[in-house]
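Overview (structure and organization)
Letter by letter, the chains look like this.
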Amino acid sequence: MRISMISEHASPLAALGGVDAGGQNVHVAALSEALAKRGHHVTVYTRRDATELPARVRVGSRFDVVHVDAGPPCHVPKDELLPFMGELADGVSRDWSQRPPDVVHGHFWMSGLAALDAARRPGTGYRVPVIQTFHALGTVKRRHQGAEDTSPQERRWLEPGVGRSADRIIATCSDEVFELKAMGINTGKISIAPCGVDLNFFSSEGAVAARTRSHRILSVGRLVPRKGVDLVIRALPHLREGGFDDVELLIVGGGGDSGVLDADPEVRRLMDLAADLGVADQVRLQGQVSRSEMPGLFRSADAVVCAPWYEPFGIVPLEAMACGVPVVAAAVGGLRDTVVDRGTGLHVPPRDPEAIASALAMLLGDPALRTELGNAGTVRARTRYSWDRVAAETEKAYQLAAAGAPAGVVPMEGAAL
Ligand code: UDP
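Predicted, not measured: the structure shown is a model, and the values here were computed from it.

Attention shifts here to the overall build of the protein. A tally of regular secondary structure across the protein gives 14 helices and 14 strands. Overall, the protein is about 70 × 40 × 40 Å in size when its C-alpha atoms are taken along their principal axes. Residues classed as buried in the protein amount to 59% of the 417 residues present. Summing over all exposed atoms, the protein offers an accessible surface of approximately 16400 Å²; the carbon and sulfur share of this is 51%. The averaged location of the 50 negative side-chain charges in the protein is 5 Å from the averaged location of its 45 positive side-chain charges.

So, in structure tokens, the structure goes:
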């Protein structure tokens, strides 16, 4: 198949750990690579966010990234990108003018808009089947973030519109299917395909980063409040009370888009909190860490904590499991599918530092349990979450969408929504 992916803000070539660069970048890169390995030709369209980027980058023999001029050629926060989706669709459809793809896959709601626009332009002579992965839903974000949600107002109606108009939706976890249903989307056109993990790279064997204290707890991800890193800091005094004081909390990620830690207000908030709680000496902020260093860091931890308020999927727990490390996970969203309570980690209620501390105390005090859960995590990651398996599931969704699309030339009237 010839597959186009659109990932407006999340380039598969970007550095990770900044405010807007995380799981979606990993997902689009790894899925594209896995599909290319299966013999498909994949082109990812993303917004040009720096002047020096070449128009087209050949990532592999069947995998290209195209930087489309859409809005200013510099970083723009993703919640301000909506006005540029028309230009993005223009660039995509220009690239398709010789030969449109067999399917187009939108990642995040705004890419879905651009995908529908490019796929169903009147007068082009083609109608490309559209598959959509939301990665995150505005309804869920609003529920948890309320007034803090900086998404544009239009997301309220445009996102469900993308869901209704797309030929097929890929949900990354079962929880998302319920949310999509609640948005009024026909569940008959939803396929589930989770995110995957690079198992050659994230494994229990290999170098282990050095550590300075008896125990290390690891938190990895973009430093945004909803990731709940403050809750892990709040768990430290409870752990101390429980007798675990020689514990280091290593926090990976953050530093905003500049990558400079001091420039990140969330870093200051977390360090102030640690100081107020008297645990500043136990908290180490590492900032953004390159992919190559991640497996060694995971392996150096006794436990990885993922304590988000909500989580559309969450690739970090999979990476931890693949590296043989037990995960303390808030029982929300995708984490309920990936982390098996008392199987590959421990579930805790969301926003509950005491529960996080109890779960950590259980793990830190019991090396045999850590080994058992860690080993089970490796097996689970290997058997269920290889990118090849995820690509095979995604391929099925593409085939369904391609088969369901009306045959022949169907130019649509006006905008697709
Ligand atoms: N990550 C990284 N370096 C960092 C911070 C994060 O490589 O400094 C990676 C992390 O290993 C994972 C991804 O960014 O692959 C975060 O994905 P996840 O789905 O957990 O969170 P999201 O950012 O999508 O909310």
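With respect to spatial proximity, 19 residues lie near the ligand, and among them G23, R222, K227, I315 and E319 are the closest. In the environment of the ligand, an oxygen atom lies 2.8 Å from a nitrogen or oxygen atom belonging to the backbone of V289. Separating an oxygen atom of the ligand from a backbone N or O atom of V316 is a distance of 3.1 Å. When the ligand sits alone it has 550 Å² of accessible area, and the protein chains cover 95% of it. Of all elements in the fold, only α1 (23-37) and α10 (315-322) reach the threshold of two or more residues within the shell around the ligand. Per-element tally for the shell around the ligand: the top contributor is α10, with 3 residues. For the shell around the ligand, the residue count by class is 8 nonpolar, 6 polar and 5 charged.

Attention now goes to helix α5 (residues 155-165). Taken across its 11 residues, α5 has 8 buried, putting it largely inside the fold. Buried within α5 we find R155, L158, E159, P160, G161, V162, G163 and S165. Next to the buried residues of α5 lie α3 (109-119), β6 (130-133), α4 (138-145) and β7 (168-171).

Going through the model one piece at a time under the given rule, you end up with 28 salt bridges. One salt bridge in this structure joins R121 and D90, with 2.7 Å as the shortest N-O distance. With R121 in the loop between α3 and β6 and D90 in helix α2 (residues 85-95), this pair connects stretches of sequence that are 31 residues apart. Its relative accessible area of 30% is what places D90 among the partly exposed residues. Across the pair R121 and D117 runs a salt bridge whose closest N-O atoms are separated by 2.8 Å. Where salt bridges share partners, they join R56, R58, D64 and D95 into one cluster.

Attention shifts here to the state of the cysteines. Scanning all chains against the criterion turns up 0 disulfides. With no disulfide of its own, C173 lies closest to C195 among cysteine sulfurs, the gap being 9.0 Å. Judged by its relative accessible area of 1%, C173 falls in the buried class. Of all cysteine sulfurs in the structure, the one in C306 sits closest to C323, which takes part in no disulfide; the separation is 12 Å. Looking at C323, the relative accessible area reads 4%, which means it is buried.

What follows concerns the side chain of E179. Its location among the elements puts E179 in helix α6 (residues 174-182). By relative accessible area, which is 14% here, E179 ends up buried. Beyond its immediate sequence surroundings of up to four residues, E179 is in contact with L137, T139, V140 and R143.

Criteria and cut-off values
Residues numbered from 1 in each chain as written. Predicted model: local features only at pLDDT ≥ 70, side-chain atom pairs only at ≥ 80, totals over all residues. Heavy atoms only, no water. Helix = DSSP H or I, 4+ residues; strand = E, 2+ residues; numbered from the N terminus. Buried < 20%, exposed > 50% of the residue type's maximum accessible area, 1.4 Å probe, protein only. Areas by Shrake-Rupley, 256 points an atom, 1.4 Å probe, with all protein chains shown as cover. Lys, Arg positive; Asp, Glu negative; His and termini not counted. Charge placed at Lys NZ, Arg CZ, Asp CG, Glu CD. Near = heavy atom within 4 Å. Polar contact = N/O pair within 3.5 Å; in protein donor to acceptor, adjacent residues only side chain to side chain. Nonpolar A, V, L, I, M, F, W, Y, C, P; charged D, E, K, R; others polar. Contact = heavy atoms within 4.5 Å. Salt bridge = Lys/Arg side-chain N within 4 Å of Asp/Glu carboxyl O. Disulfide = S-S within 2.5 Å.

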